[in-house]
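As a plain string of letters, each chain reads:
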Amino acid sequence: MNATLAGLLLYVVLITVVGLAIGRRVSGTRDFFVAGRALGPGLLFATLLAANIGAGSTVNAAGLGYQNGIAAWWWVGSAGIGTLVLAFWLGPRMWRVAREHSLRTVGDYLELRYGPSVRASMAALLWIGTLAILAGQLIAMAWILEVVAGAPKWLGAVAGGLVMTVYFVAGGLLSSAWVNLVQLVVLMAGFLIAVPLALEGAGGLSAVLENARATPGHLDFMSNGDSGWPYLILLAPAFIVSPGILQKTFGARDVRTVRLGLSACGVVLMLFAILPPLLGMIAHAVAPGLDNPETALPEILTRGVPAWAGLLGLAAVLSAEISSADAILFMLSTSLSKDLYKRFARPDATDAQVLRVARIAAAAGGGAGVLLAVIIPTVVDALTIFYSLLGVSLFVPIVAGLHSRRPGPVEALAAAAAGMLALLVARQWGSGPGWMVPSAWGLVSAAAAYGVFFAARRMARRAST
């Protein structure tokens, strides 16, 4: 066993022990789902940022930087923009509704506004889409272990899945919030140290820029290859209505905490967004012939910096993947236990029974995510599936539910169905020129369907009176 692998294993054991220790304080679903609604700005910021910086923000963003250059900023930058919109628009309003009606999940909100049919439909849909993003985090962990130890992809996915499942099952949001704080310190320290050292190892910023100038499009900020501003359409809506993010804000102690935690998270995401693409561009300068661009980040951290800095950087990347994975397990466990089991299968279930089902759901979701990680080829494939599905199915129903009077279930279901159908058609037969990427077609179709059915229902009601 090499020293780098031993150090990573020691770090993994540390965060698992922290999670298990905090998990002993969990006494019911209120702690597990919303951390007792006692998170302050600092802890909310830490758990949100740690959850948002995952496989897409590190391994995938560096891979995009390796392929497309500086335009890869838009992958994480778009998430930051969406988070800022959530901070000053949707987040505080959703928190007030959640506090007033004792809501613990986005499913609770959907039923409050639209009824049980929408809750059940969205919960089932989210289970399918959420497993894809969980697989993306595990694929990224697998690439790290492949580069560091030569481990096969399936072994890396299994190892990563086991770690994040164990500590999340122990304590839910309360446990993950404190573990995320540890992970966030390691993550930021790792990247801030690794970038200047990697630049030095590549011959300095001038050498990296010279290589970028020699590579067509690598210095085009707005768009190059698959990267650029159209990511804003794919990612910003998903980050505004993500159940994993919204449900974490439900754990805030007040509206001020929601605004501060989310806005700080958005700003830091936009600043952080340059680091992984820059590391990808450095990797392109020193190792231009990689077969798999998604190994660019672990490659530069194992070969382009001193061993101690590489270990810290790899621990930072591992922190990012694990913290995002536990946020995904949060969505899976709350969706199944609260939105399906408690609401439909066993309405009379006790708090202890719901908590047990939440933990079983998290374990099952972790296992399913591992299986998908073995099947899906790359991180970007997995993340695109999730973000597209999340945006076109949830954005319109959640936003319209806050701003329209007496919304009906037909509008929400029609919006989700139209959005997904348009998304699938655009992905299959081409989305057209300019900004009309598949996610844009899905959002426009969802909004149109919602508006048509809402207007038709109002007209029918007026005709009957």
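Right above here is the structure, for reference.
What counts and how
Residues numbered from 1 in each chain as written. Predicted model: local features only at pLDDT ≥ 70, side-chain atom pairs only at ≥ 80, totals over all residues. Heavy atoms only, no water. Helix = DSSP H or I, 4+ residues; strand = E, 2+ residues; numbered from the N terminus. Buried < 20%, exposed > 50% of the residue type's maximum accessible area, 1.4 Å probe, protein only. Contact = heavy atoms within 4.5 Å. Areas by Shrake-Rupley, 256 points an atom, 1.4 Å probe, with all protein chains shown as cover. 1 Å grid on protein atoms, 1.4 Å probe; cavity = no way out; pocket = protein on both sides within 12 Å on 5 of 7 lines; lining within 4 Å. Points joined across faces, edges and corners; volume = space filled by probe spheres on them. Nonpolar A, V, L, I, M, F, W, Y, C, P; charged D, E, K, R; others polar. Expected span 1.5 Å × (residues − 1). Patch = residues over 30% accessible without salt bridge, like charges linked within 9 Å, V, L, I, M, F, W, Y side chains within 5 Å. Salt bridge = Lys/Arg side-chain N within 4 Å of Asp/Glu carboxyl O. Lys, Arg positive; Asp, Glu negative; His and termini not counted. Charge placed at Lys NZ, Arg CZ, Asp CG, Glu CD. Bend = angle between axes of the 7 residues up to and from the residue. Core = buried A, V, L, I, M, F, W, Y, C linked by side-chain atoms within 4.5 Å. Axes fitted to C-alpha atoms, helices over the stretch in contact; angles between N-to-C directions. Parallel < 35°, antiparallel > 145°, perpendicular 65-115°, else oblique. Left-handed = near helix turned anticlockwise from the far one by under 90°.

**Q** Before we go on, may I ask you to explain the overall build of the protein chain in this structure?
**A** Looking only at helices and strands, one finds 19 helices and two strands in the protein chain. Every one of the 465 residues in the protein chain was classed for burial, and the buried ones make up 61%. Taking the contacts inside the protein chain whose residues are at least 6 apart along the sequence as the reference set, 85% of them involve residues at least 24 apart. Counting only carbon and sulfur atoms, one obtains 67% of the accessible surface of the protein chain, whose full area is about 17200 Å².

**Q** Can you walk me through empty space enclosed by the protein in this structure?
**A** Rolled over the atoms, a probe with the dimensions of a water molecule shows which regions are left empty. If you walk through the whole model with that rule in mind, you get two cavities of 30 Å³ or more. Roughly 260 Å³ of internal volume is contained in the largest cavity. Forming the walls of the largest cavity are 25 residues, and the residues nearest its centre are A51, N52, I133, F239 and Y387. Of all the secondary-structure elements, those providing two or more residues to the lining of the largest cavity are α3 (41–52), α4 (56–68), α5 (73–101), α7 (116–149), α10 (231–241), α11 (243–249), α15 (307–345) and α17 (379–403). Taken together, the residues of the lining of the largest cavity sort by class into 16 nonpolar, eight polar and one charged. By volume, the second largest cavity is sized at about 100 Å³.

**Q** Can you help me understand unusual backbone geometry in this one?
**A** Outside of glycine, negative phi angles account for most residues, and trans bonds account for most peptide bonds. Phi is positive for S102, close to 55°, though the residue is something other than glycine. As for its placement among the helices and strands, S102 is situated in the loop between α5 and α6 (106–114).

**Q** I tried to follow the environment of G310 on my own but got confused; where do I start?
**A** Relative to the assigned elements, G310 resides in helix α15. Since its relative accessible area comes to 2%, G310 is described here as buried. In this structure the C-alpha to C-alpha distance between G310 and E299, which are eleven residues apart in sequence, comes to 9.6 Å.

**Q** Got a minute to help me understand α7 in this structure?
**A** Quick reminder: α-helices carry 3.6 residues per turn. Residues three or four places apart thus point the same way. End to end, α7 covers 49 Å across 34 residues, agreeing with the expected 50 Å (1.5 Å per residue, within 8%). Phi for G150, located one or two positions after α7, is positive at around 70°.

**Q** Mind showing me how you'd approach a positive patch on the surface here?
**A** A cluster of basic side chains, namely R405, R406, R458, R461 and R462, defines a positive patch on the protein surface. Here R458 shows up in helix α19 (residues 438–464).

**Q** Even after reading the chapter, I still don't get the layout of surface pockets, so can you show me in this structure?
**A** The space that makes up the largest pocket amounts to roughly 610 Å³. If you go around the largest pocket, you meet 26 residues; those closest to its centre are D226, Y231, L234, V380 and T384. Residue assignment for the lining of the largest pocket shows that the elements contributing at least two residues are α4, β2 (227–228), α10, α17 and α19. Grouping the constituent residues of the lining of the largest pocket by class yields nine nonpolar, 13 polar and four charged. Forming the boundary of the second largest pocket are 13 residues, of which L9, V12, L145, A159 and L318 lie nearest the centre. Mapped by element, the contributors of at least two residues to the lining of the second largest pocket are α1 (3–23), α7, α8 (153–201) and α15.

**Q** Sorry if this is basic, but what is going on with a nonpolar patch on the surface here?
**A** A cluster of nonpolar side chains, contributed by W154, L155, V158, V374 and I375, occupies part of the molecular surface with about 480 Å² of accessible area. At the level of secondary structure, the elements contributing two or more residues to the nonpolar patch comprise α8 and α16 (351–375). Considering every element that reaches the nonpolar patch, the biggest residue donor is α8, with three residues. Among the structural elements, I375 can be located in helix α16. Taking the relative accessible area as the measure of exposure, I375 reaches 65% and is therefore exposed.

**Q** Just checking my understanding: could you explain α17 for this structure?
**A** For α17, spanning 25 residues, the distance from its first C-alpha to its last is 35 Å, which sits close to the expected 36 Å at 1.5 Å a residue. L394 marks where α17 bends most, by close to 40°; the proline P397 follows one to four residues later. Burial runs high along α17: 21 of the 25 residues are buried.

**Q** Can you walk me through the side chain of D108 in this structure?
**A** Take D108: it is sitting in helix α6. Its relative accessible area of 7% is what places D108 among the buried residues. With sequence-adjacent residues up to four places away left out, D108 is seen in contact with L103, R119, K338 and D339.

**Q** Looking at this structure, I do not really get the nonpolar core. What am I missing?
**A** Counting 139 residues, the largest nonpolar core has Y387 and I398 as its most contacted members. Looking at which element gives the most residues to this core, the answer is α7, with 17 residues. Sequence-distant contacts of I398, defined by excluding residues within four places in its chain, comprise L90, M94, V106, Y109, L110, V241 and L246.

**Q** Help me understand the pattern of salt bridges, please; the structure alone is not making it clear to me.
**A** Charged atoms that come close allow side chains of opposite charge to pair. Applying the stated criterion to the full structure yields six salt bridges. The partner of E299 in a salt bridge is R303, and the shortest N-O contact between them spans 2.6 Å. Note that E299 and R303 are positioned in helix α14 (residues 296–303) at a spacing of four residues, about one turn of the helix. For R303, a relative accessible area of 59% puts it in the exposed group. Note that R457 and E411 form a salt bridge whose closest N and O atoms lie 2.7 Å from each other. A residue pair is termed long-range when its members are at least 10 positions apart, and R457 in helix α19 and E411 in helix α18 (residues 409–429) qualify at 46 residues. A residue is classified by how much of its surface remains accessible, and R457, at 28% relative accessible area, is partly exposed.

**Q** Quick question: what am I supposed to make of the packing of α10 against α17 here?
**A** Any two packed helices are characterised by how steeply their axes cross, that is the angle between the axes, and by the distance between the axes. At a minimum axis distance of 8 Å, the contact between α10 and α17 shows a crossing angle of 60°. Considering the angle they form, α10 stands oblique to α17. Here α10 runs over α17; the crossing is left-handed. Where α10 approaches α17, its residues L234, L235, P237, A238, F239, I240 and V241 are matched on the opposing element by T384, Y387, S388, L390, G391, L394, F395 and I398. Per-class residue counts for the contact of α10 with α17 are twelve nonpolar, three polar and no charged.

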